[in-house]
Amino acid sequence: MAETKRMTIREALSQALREEMYRDETVFIMGEEVGVWGGTYAVTRGFYDEFGEKRVRDTPIAEMAIVGAGVGAAMAGLRPVSELMTINFAFLALDAIVNHAAKIHSMFGGQFKVPLTIRTTTGGGRQLGATHSHSPEIIFAHFPGLYVCCPAMADDAYGMIKTAIRNDNPVMVIEHSTLYQTRGEVPLDQDYLVPVGESRIVREGKDVTLVSFSKGVHWCLEAADILAKEGIEAEIVDLRWLRPLDTSKFIESFKKTNRMVVVEEGLPQFGVGAEITARVMEEAFDWMDAPIKRVTAEDVPLPYSREIEQMALPSAEKVVKAVKEVL
Amino acid sequence: MSDKALDMTTYREEMDERPSDKLSPQTLLEMFWYMLLSRRLDERSWILHRQGRIPFHISGMGHEACQVATAFAINRGIDYVHPYYRDLAMCLAIGITPRDFMLSLFGKAGEISSGARQMPSHFSSRKHNILSMSSPVATQVPQAAGLAFAIKYRLKMGLQDPNDTAQPRLAITSLGEGSTSQGEWHEGMNWAGVHKLPFICLVENNIYAISVPVDQQMAVRNVADRAAAYGVEGVIVDGNDVLASYDAMAYAVQRAYSGEGPTLVEAKTYRPVPHSSDDDDRSYRTREEVEQWKRKDPIQRFQAVLQERGILTQEQLDEYESRARQMVDEAQKFAEDAPYPEIEPNLDPNSVYAPVEVD
């Protein structure tokens with residue numbers, strides 16, 4: 001095992017990007033405010049001075065072009081990192097992401113590849129209103145041809161950026177706006193990669209399986225602490241990648257605990273919980289001792305006013321409640 | 001229409017009569033009042049944010065002149081307005097009150113657009129025909145073209161009397177120059193041009209898209225230079241000069257009302273404060289630049305004009321200042337004392353839909 005260093009998710013992302021830019025001169029960054037300002041979440045602070053404007057490009061406000069030009073540059077042999085300030089703005093780039101980035105390799109019979117990284121930020125809870133607080137990761141996970149990862153921990157943030165940049169396929173790295181200050185141990189290994197489509201157990205337990213990703217993992221960890229005080233041992237599976245989806249760990253865990261709660265910040269209908277539940281039905285029905293529960297956002301556009309917004313979002317308390325319902 | 005943008009700074013000198021010359025002293029004072037009120041309300045909002053009492057503020061400071069000029073040039077409260085998040089002064093002049101704005105900042109019950117579901121500064125008011133926007137910028141432009149399309153449709157179908165001033169006769173949308181890099185802007189402008197709609201696009205060009213300066217956003221000098229390519233009349237005006245802005249806007253309004261088609265008015269202005277309460281503008285521009293623009297402050301300029309013309313006395317100015325402070329104080333207190341919205345009805349999935357009536 002490599003030595004580790006404690007750092008924030010922001011620092012981990014920043015270090016990974018910096019190292020990849022030194023490693024490969026075809027890697028460049030473009031997006032709104034990424035250069036002079038150093039990124040809306042300060043991930044690329046200092047990059048403009050370090051690498052110059054050729055490799056750290058401030059773009060016009062034009063999400064479709066930020067991704068579309070990224071697709072083009074990737075086809076022409078570069079490894080662009082296109083940054084969308086928030087995932088809410090990714091809706092304006094949907095065609096470039098879904099119809100181009102995701103499909104080109106397949107539609108061109110493998111003659112072109114799109115080694116594009118799309119970094120963006122998801123999540124609510126900061127009082128930014130309904131059109132600025134989406135958690136629509138599943139939309140992107142729906143389409144074959146894209147890889148979608150959502151780091152919940154600093155080591156993943158570090159390794160996922162590297163995996164995304166080095167991978168020959170388009171990868172969306174969907175960060176969470178409230179996790180940038182979250183600290184964790186990061187391996188001191190410049191080639192530390194997170195295998196594409198590999199989930200991991202972040203806490204072991206025998207009574208119930210909690211499946212989540214991104215911010216949801218932290219709600220699960222908090223809930224597991226509360227449950228542990230009552231003698232309930234929750235096992236937590238961090239999916240890490242929504243596509244490809246690794247079913248092995250949560251199926252294995254479910255066969256041990258026979259009970260499951262899926263936790264996600266997105267909306268309930270056709271969400272990650274629905275997909276995970278279907279996979280369990282297909283692969284582990286005989287091990288089921290209780291109906292699987294979902295903890296999601298309420299089925300409304302996320303409101304601005306603080307109290308309603310907080311009530312509309314999942315929480316550790318909601319996870320605890322759901323666990324008790326399946327025990 | 002011209003294939004070149006019309007530069008109002010020279011055009012005005014050639015006008016026999018400027019529309020702004022016809023504004024009564026009373027109206028001029030009213031315009032000044034809204035600019036001042038907006039500024040004081042805006043300043044208080046920054047303070048409330050810095051005190052940690054509100055989560056977010058996005059400011060319209062420095063843009064007051066072109067905004068109030070716009071409000072006064074249209075049929076206020078009747079014509080469709082699809083503004084953007086800097087248009088506090090415009091919306092105040094149309095009828096949104098300091099109380100309404102404060103309720104929105106604090107996210108309190110009674111907030112007029114949505115009961116505090118929508119973000120502050122995403123203005124809307126059905127009774128004033130002000131329509132709310134989505135946070136991704138420029139997305140209101142095609143909709144504004146759609147509003148104008150509906151007006152033209154109603155007129156053509158005989159569903160609306162062209163002289164009925166109780167009906168909207170134009171749709172105006174506004175946005176920053178940064179937003180004109182979006183595809184949505186292009187699509188909306190083209191739509192308005194193709195259908196020769198009663199449509200006005202006000203571009204409040206403050207020369208920054210958050211931190212990105214205008215020369216990195218576009219390869220042309222003026223946003224209005226693009227208008228000709230859409231079959232839209234382009235006009236450039238000093239957006240910090242309220243009377244010049246009024247003349248430009250009156251010209252655009254006249255074109256819309258008389259069926260001559262859409263106009264793009266580019267108001268050159270500046271934002272002397274950060275983009276929003278979430279950024280620090282010291283990282284991307286010099287203090288000297290900001291100070292230089294502060295000397296062109298639209299309120300001070302208008303104040304000087306009014307004083308020179310003997311329309312505004314010191315006494316009157318003092319009275320405005322004290323009234324503005326009183327209104328802002330009262331609005332803040334009202335919002336602070338107001339209850340938060342009820343939780344249950346706001347989390348009801350049915351609340352997202354219009355009620356369905358079954359016969």
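Residues numbered from 1 in each chain as written. Chains lettered and ligands numbered in written order. Predicted model: local features only at pLDDT ≥ 70, side-chain atom pairs only at ≥ 80, totals over all residues. Heavy atoms only, no water.

Undergrad: What should I look at first to understand the sheet that holds strand β11 (residues 234-238) of chain A in this one?
TA: Think of a sheet as strands paired side by side through backbone hydrogen bonds, with each pair either parallel or antiparallel. Residues and elements named next belong to chain A. One open sheet accounts for five strands, arranged β9-β11-β10-β13-β14; its pairing is mixed. The sheet is open, and its two edges are formed by β9 (200-203) and β14 (293-295), each paired on a single side. When the angles between neighbouring strand axes are averaged without regard to direction, this sheet yields 25 degrees. Where β9 lies against β11, three bridges are found, and the strand directions are antiparallel. Across the sheet, R200 pairs through a bridge with D238, a residue of β11. (Pairing = 2+ DSSP bridges. Helix = DSSP H or I, 4+ residues; strand = E, 2+ residues; numbered from the N terminus. Axes fitted to C-alpha atoms, helices over the stretch in contact; angles between N-to-C directions.)

Undergrad: Any chance you could explain the domain arrangement of chain A here in plain terms?
TA: How big an interface is tends to be expressed through the accessible area that disappears when the partners come together. Residues and elements named next belong to chain A. According to the domain assignment, chain A contains domain 1 (4-187) and domain 2 (200-326). Contacts between domain 1 and domain 2 engage 34 residues on the former and 26 residues on the latter. Of the roughly 2400 Å² buried where domain 1 meets domain 2, counting both sides, 57% is carbon and sulfur surface. For domain 1, the biggest contributors to the area lost against domain 2 are Q127, I138 and M153; these three give 23% of the whole. Between domain 1 and domain 2 we count three salt bridges in total. D156 is the partner of R200 in a salt bridge, and the nearest nitrogen-oxygen pair spans 3.4 Å. Between domain 1 and domain 2 we count 18 residue pairs in polar contact (both at pLDDT 80 or more) in total. At the level of secondary structure, the elements contributing two or more residues to the side of domain 1 that touches domain 2 comprise α7 (137-141), β6 (147-149), α8 (154-166) and β7 (171-176). Top contributing element to the side of domain 1 that touches domain 2 by residue count: α8, with four residues. Residues that form the side of domain 1 that touches domain 2 fall into these classes: 17 nonpolar, 13 polar and four charged. (Domains from an automatic or database assignment. Contact = heavy atoms within 4.5 Å. Buried area = accessible area lost by both parts, 1.4 Å probe. Salt bridge = Lys/Arg side-chain N within 4 Å of Asp/Glu carboxyl O. Polar contact = N/O pair within 3.5 Å; in protein donor to acceptor, adjacent residues only side chain to side chain. Nonpolar A, V, L, I, M, F, W, Y, C, P; charged D, E, K, R; others polar.)

Undergrad: Just to check I follow, could you spell out the pairing of strand β3 (residues 171-176) of chain B for this structure?
TA: Within a regular strand, the side chains alternate between the two sheet faces. Residue and element names in this part refer to chain B. A large share of β3 lies buried, amounting to six of its six residues. Going residue by residue along β3, you find A171, T173 and L175 tucked away on one face and I172, S174 and G176 tucked away on the opposite face as well. As paired elements, strand β2 (residues 80-82) and β3 share three bridges and run parallel to each other. When the sheet's bridge partners are listed, Y80 is paired in β3 with A171. Where β3 meets strand β4 (residues 199-205), six bridges bridge the pair, whose relative direction is parallel. Note on β4: the bridge partner recorded for I172 is I200. For the crossover that starts at β3, traverses helix α7 (residues 183-194) and ends in the parallel β4, the hand is right-handed. (Buried < 20%, exposed > 50% of the residue type's maximum accessible area, 1.4 Å probe, protein only. Right-handed = clockwise from strand over helix to strand, strands pointing away.)

Undergrad: Before we go on, may I ask you to explain the packing of helix α9 (residues 215-229) of chain A against helix α13 (residues 316-326) of chain A in this structure?
TA: Angle between the axes and distance between the axes: these two values describe a pair of packed helices. Residues and elements named next belong to chain A. Between α9 and α13, whose axes approach to 8 Å, the crossing angle comes to 60 degrees. Here α9 lies oblique to α13, going by the angle between them. You can see that α9 and α13 cross each other, and the crossing is right-handed. Contacts between α9 and α13 involve W219, E222, A223, I226 and L227 from the former and A316, V319, V320, V323 and K324 from the latter. (Parallel < 35°, antiparallel > 145°, perpendicular 65-115°, else oblique. Left-handed = near helix turned anticlockwise from the far one by under 90°.)

Undergrad: Just to check I follow, could you spell out a nonpolar patch on the surface for this structure?
TA: All names here are of chain B. On the surface, F149, Y153, M157, L159 and W191 cluster together into a nonpolar patch covering about 550 Å² of accessible area. Here W191 lies in helix α7. Residue W191 is classed as partly exposed on the basis of its relative accessible area of 45%. (Patch = residues over 30% accessible without salt bridge, like charges linked within 9 Å, V, L, I, M, F, W, Y side chains within 5 Å. Areas by Shrake-Rupley, 256 points an atom, 1.4 Å probe, with all protein chains shown as cover.)

Undergrad: Any chance you could explain the environment of N99(A) here in plain terms?
TA: Residues and elements named next belong to chain A. Here N99 is to be found in helix α5 (residues 94-101). Here the alpha-carbon distance between N99 and D156, two residues 57 residues apart in the chain, equals 28 Å. Dropping the residues within four chain positions of it, N99 is found in contact with L94 and M107. Side chain to side chain, N99 and D95 meet in a polar contact 2.5 Å long. Polar contacts involving the side chain of N99 include one to the side chain of K103, which spans 2.9 Å.

Undergrad: It is not clear to me how the environment of V290(B) should be interpreted in this structure. Could you clarify?
TA: Residue and element names in this part refer to chain B. Secondary-structure assignment places V290 in helix α9 (residues 287-294). When its relative accessible area of 2% is taken as the criterion, V290 is described as buried. Sequence separation between V290 and V273 is 17 residues, and the spatial gap between their C-alpha atoms is 8.4 Å. Excluding residues that lie within four positions of it along the chain, V290 makes contacts with Y270, P272, D281 and R285.

Undergrad: How should I be thinking about the pattern of salt bridges in this particular structure?
TA: Pairs may arise between side chains of opposite charge once their charged atoms sit close together. Using the criterion set out here, one finds 43 salt bridges over all chains in the structure. In this structure, K249(A) and D246(A) form a salt bridge, with 3.8 Å as the shortest nitrogen-oxygen distance. A residue is classified by how much of its surface remains accessible, and K249(A), at 24% relative accessible area, is partly exposed. Classification of D246(A) by relative accessible area gives buried; the value is 10%. With a closest N to O distance of 3.2 Å, R323(B) and E319(B) form a salt bridge. Residue R323(B) and its partner E319(B) are both found in helix α11 (residues 314-337); the two are separated by four residues, about one turn of the helix. Taking relative accessible area as the criterion, E319(B) reaches 35% and is therefore assigned partly exposed.

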